[in-house]
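The primary structure of each chain is shown beneath.
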Amino acid sequence: MGTEIPAEMRKERWYRAVWRWHFYAGLFCVPFVLWLSVTGGLYLFKPQIEQALYAPYRNVVSGPGPRLSPDRIAAQAVAAVPGSMLHKYVLPRSPADAVEVLVGKGAGEMRVWVHPQTGAVLYKVPEESRFMRVVFRLHGELLSGNYGSALVETAACWTVVMLLTGLFLWWPRGASGLAGVLYPRLLRGKTLFWRDIHAVTGLWISLGALFLIATGLPWANAWGDYFRQVRTVTGTAAGQQDWSAGSSAEAHQRMAADAGMRAMMSEHAEHHGMTMRHLPANPAALDAVVGRAGGLGFAHPVEVSPPTAPDGPWQVRSQAENRPMRDSAEVAEDGTLIGIERYSQRHWIDRAVGYGVAIHEGEWRGLANQLVNLAVLLGLVTLCLSSVVLWWRRKPEAMLGAPATFAPLRHSWALVLLVLLMALLMPLFGLSLGLVVLAEWSLKRLVPRLGQWMGWRTA
């Protein structure tokens, strides 16, 4: 029989084990959290940034005079990008503003600003090269497509581990007051200063950080696809998803829509013995649909898209930054309203994700939402920088500095179930955890010195 381990020793073993997981999770996550905080903080202010960037294309109409029809404006945009076709016509916020038209070929799209009176093309830019689109892909994909998305998603999952273990370590263990628990001790020396800055900041921002991570996961390529598959199996998928699951998925959707439009127009042209145009077969249709869309009262910006199937309806969609304001409609080519779908009519899961995404982007309550999110991101930056300082101050010579452990450590069923639950909710966490365990098991046998440097537990 083995010797009974005292209760205090068991608690200390668990404390040190959690501390080690916190250390290793932080070691991996800190660069990503810093990167995501900086790019996310920049993306928070997308409305203000784009308002400044595209100010030259507002109020371009200086006097009275006739305005071109939507069909003529779209034709100018298409002509400015040879080989393209109309993808979306964006209703201007003001009659004096230039009209934005998205044209494209396959998965590529170009945004064109057209003067509403003269038809002059004021500016054109590839959609994925716009500044805030680049920031968006830097934030979610590191400009590396699915691989970058998977890396960011894995870091987000381990950040959850870092935050949860950090809260466990923060939990007062014999504290005699609130100092160092709810507020930092700033004048008690550098050691306590950095420890308290790290622990207290983590307490106050953890809930907000966990919320931002949870509401960001639907955008991730792997988790977003996993979420869609679960919804399909459970029968809760209803209608088109209103959020992106990575640039690859967006490109696939654009390519499918473009192919459908081209096939439909080609069929129409062959049937009537015409040369295929890159605008709707009935030029008056765009004018009629835009006229109807302008009277629906949808939140700006409103996009009008041609049908992608023969005899299909035109799509009118609000792309408001505040997603709970996004309504959509289907309109016939003669301008007859077929139906409207209000945001409140969507499946409750879609509504919940929409609210989460709106809060994540700082658009739900405008500037107040942006400032709260910015405070959370600044807190995360503070956590990262203070953790680096703490590590550097405590790091032993010639070692990584992982907290020491008492071996062996018996795992409880509660811990096993918790890990399995997290792996089920975040598959990339489960996969990466398995790889970490396998790497530790292998390397500490193959390269003993590496195991000593890393502080891995031996027998």
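The model shown is predicted, which means the values in this text are computed figures rather than measured ones.

K.L.:
Would you explain the overall build of the chain in this entry?
P.N.:
A count of helical and extended segments in the chain gives 14 helices and eight strands. In the chain, which comprises 459 residues, the share counted as buried stands at 44%. Of the contacts made within the chain by residues no fewer than 6 positions apart, 63% connect residues no fewer than 24 positions apart. For the chain, the exposed area adds up to about 24,300 Å²; of that, 64% sits on carbon and sulfur atoms.

K.L.:
What is the right way to look at the layout of surface pockets in this model?
P.N.:
Think of a ball as big as a water molecule: rolled over the atoms, this probe shows where empty space is left. A volume near 1,500 Å³ is recorded for the second largest pocket. The element best represented in the lining of the second largest pocket is helix H13 (residues 427-446), accounting for 13 residues. When grouped by side-chain class, the residues that make up the lining of the second largest pocket number 30 nonpolar, five polar and five charged.

K.L.:
Hey, could you run me through the nonpolar core in this one?
P.N.:
Most often, soluble globular proteins keep nonpolar side chains buried together rather than apart. Judged by nonpolar contacts, the single largest core of 29 residues is most densely connected at Tyr89, Val101, Val103, Leu286, Val304 and Val316. Elements that contribute at least two residues to this core include exactly helix H3 (70-80), strand S1 (85-91), strand S2 (99-105), strand S3 (108-114), helix H9 (283-294), strand S5 (302-305), strand S6 (314-318) and strand S7 (328-331). Residues contacting Val101, with those up to four places away along its chain left out, are Ile73, Ala74, Ala77, Leu86, Lys88, Tyr89, Met110, Arg111 and Val112. Counting residues in each nonpolar core, the second largest holds 25 residues, with Cys29, Val33, Cys157 and Val160 among its members.

K.L.:
Please clarify how the packing of aromatic side chains should be interpreted in this entry.
P.N.:
Geometrically, a pair of aromatic rings is defined through the distance of the ring centres and the angle of the planes. Per the counting criterion, the structure on display carries 16 aromatic pairs. Between Tyr57 and Trp113 the ring centres are 5.5 Å apart and the planes differ by 35°, which places this aromatic pair in the tilted class. Pair noted here: Tyr57 is in the loop between helix H2 (46-53) and H3 and Trp113 is in strand S3, with a separation of 56 residues, a long-range link. Centroid distance Tyr57 to Tyr123: 5.4 Å. Interplanar angle 10°. Geometry classified as stacked.

K.L.:
What am I meant to see in the state of the cysteines here?
P.N.:
The tally for this structure, following the rule as stated, stands at zero disulfides. We note that Cys384 lacks a disulfide partner, and the nearest cysteine sulfur, in Cys29, lies 8.5 Å from it.

K.L.:
Sorry if this is basic, but what is going on with the sheet that holds S6 here?
P.N.:
The strands that make up a sheet pair up through hydrogen bonds in the backbone, lying either parallel or antiparallel. Judged by pairing direction, the sheet is antiparallel, and its eight strands sit side by side in the order S4-S3-S2-S1-S5-S6-S7-S8 without closing on themselves. At either end of the open sheet lies a strand with only one pairing partner, and these are strand S4 (121-126) and strand S8 (337-341). Across this sheet, the average inter-strand angle for adjacent strands is 20°, counted without regard to direction. Pairing between S3 and S4: five bridges, direction antiparallel. The residue of S4 that forms the bridge with Trp113 is Tyr123.

K.L.:
Help me understand the environment of Pro306, please; the structure alone is not making it clear to me.
P.N.:
Inspection of the secondary structure assignment puts Pro306 in the loop between S5 and S6. By relative accessible area, which is 3% here, Pro306 ends up buried. Considered as a pair, Pro306 and His87 are 219 residues apart in the sequence and their alpha carbons are 6.8 Å apart.

K.L.:
Could you clarify how one ought to interpret the side chain of Thr201 in this entry?
P.N.:
Position of Thr201 among the secondary structure elements: in helix H6 (residues 190-216). When its relative accessible area of 17% is taken as the criterion, Thr201 is described as buried. In contact with Thr201, not counting residues within four places along its chain, are Asp196, Gly379, Thr382 and Leu383.

K.L.:
How should I be thinking about the environment of Leu86 in this particular structure?
P.N.:
Here Leu86 shows up in strand S1. C-alpha of Leu86 to C-alpha of Glu109: the two residues are 23 residues apart in sequence and 9.6 Å apart in space.

K.L.:
Even after reading the chapter, I still don't get empty space enclosed by the protein, so can you show me in this structure?
P.N.:
A full pass over the atoms with the stated rule returns two cavities of 30 Å³ or more. Considered as a void within the structure, the largest cavity measures approximately 650 Å³ in volume. Lining of the largest cavity is provided by 32 residues; of these, Leu36, His139, Leu212, Gly216 and His360 occupy positions nearest its centre. Contributions of two or more residues to the lining of the largest cavity are made by helix H1 (7-44), helix H4 (131-141), helix H5 (145-170), H6 and helix H11 (366-394). Here the element with the most residues in the lining of the largest cavity is H1; it accounts for seven residues.

K.L.:
Looking at this model, I keep getting lost on the confidence of the model for the chain. Mind explaining?
P.N.:
Caution is warranted with low-pLDDT regions, since their predicted coordinates should not be read in detail. For the chain, mean pLDDT is 86; residues scoring 70 or higher make up 85% of the total. In the model of the chain, helix H8 (residues 247-271) stands out as the element of lowest mean pLDDT, 59, in contrast to S4, which has the highest, 97. Overall, residues 269-276 carries pLDDT values under 50, and its contacts beyond four positions in sequence, including any with other chains, amount to seven contacts.

K.L.:
Just checking my understanding: could you explain the packing of H6 against H11 for this structure?
P.N.:
Packed helix pairs are characterised by how far apart their axes lie and by the angle those axes make with each other. Put simply, H6 and H11 touch, their axes get as near as 8 Å, and they point 140° apart. Note that H6 runs across H11; the crossing there is left-handed. Split into classes, the residues belonging to the contact of H6 with H11 amount to 12 nonpolar, 10 polar and four charged.

K.L.:
It is not clear to me how the pairing of S2 should be interpreted in this structure. Could you clarify?
P.N.:
A regular strand carries its side chains on alternate faces of the sheet. The element S2 is extensively covered by neighbouring structure, given that five of its seven residues are classed as buried. Bridge count between S1 and S2: five bridges; the pairing is antiparallel. The residue of S2 that forms the bridge with Leu86 is Val103. Note: S2 against S3, seven bridges, orientation antiparallel. Looking at the pairing, Val101 lines up with Val112 of S3. In textbook terms, the turn of a hairpin is the stretch between consecutive antiparallel strands, and for S2 and S3 this stretch comprises two residues, one of which, Gly106, has a positive phi near 70°.

K.L.:
Would you mind showing me how to read the pattern of salt bridges here?
P.N.:
Working definition: two side chains of opposite charge can pair if their charged atoms are close together. If you walk through the whole model with that rule in mind, you get 16 salt bridges. A salt bridge links Glu128 to Arg137; the shortest N-O distance between them is 3.0 Å. On the basis of relative accessible area, Glu128 is assigned to the partly exposed category, the value being 21%. A salt bridge links Asp196 to Arg195, with the nearest nitrogen and oxygen atoms 2.8 Å apart.

Procedures and definitions
Residues numbered from 1 in each chain as written. Predicted model: local features only at pLDDT ≥ 70, side-chain atom pairs only at ≥ 80, totals over all residues. Heavy atoms only, no water. Helix = DSSP H or I, 4+ residues; strand = E, 2+ residues; numbered from the N terminus. Buried < 20%, exposed > 50% of the residue type's maximum accessible area, 1.4 Å probe, protein only. Contact = heavy atoms within 4.5 Å. Areas by Shrake-Rupley, 256 points an atom, 1.4 Å probe, with all protein chains shown as cover. 1 Å grid on protein atoms, 1.4 Å probe; cavity = no way out; pocket = protein on both sides within 12 Å on 5 of 7 lines; lining within 4 Å. Points joined across faces, edges and corners; volume = space filled by probe spheres on them. Nonpolar A, V, L, I, M, F, W, Y, C, P; charged D, E, K, R; others polar. Core = buried A, V, L, I, M, F, W, Y, C linked by side-chain atoms within 4.5 Å. Phe/Tyr/Trp six-rings, centres within 6.5 Å; stacked < 30°, edge-to-face > 60°. Disulfide = S-S within 2.5 Å. Pairing = 2+ DSSP bridges. Axes fitted to C-alpha atoms, helices over the stretch in contact; angles between N-to-C directions. pLDDT = per-residue confidence, 0-100. Left-handed = near helix turned anticlockwise from the far one by under 90°. Salt bridge = Lys/Arg side-chain N within 4 Å of Asp/Glu carboxyl O.

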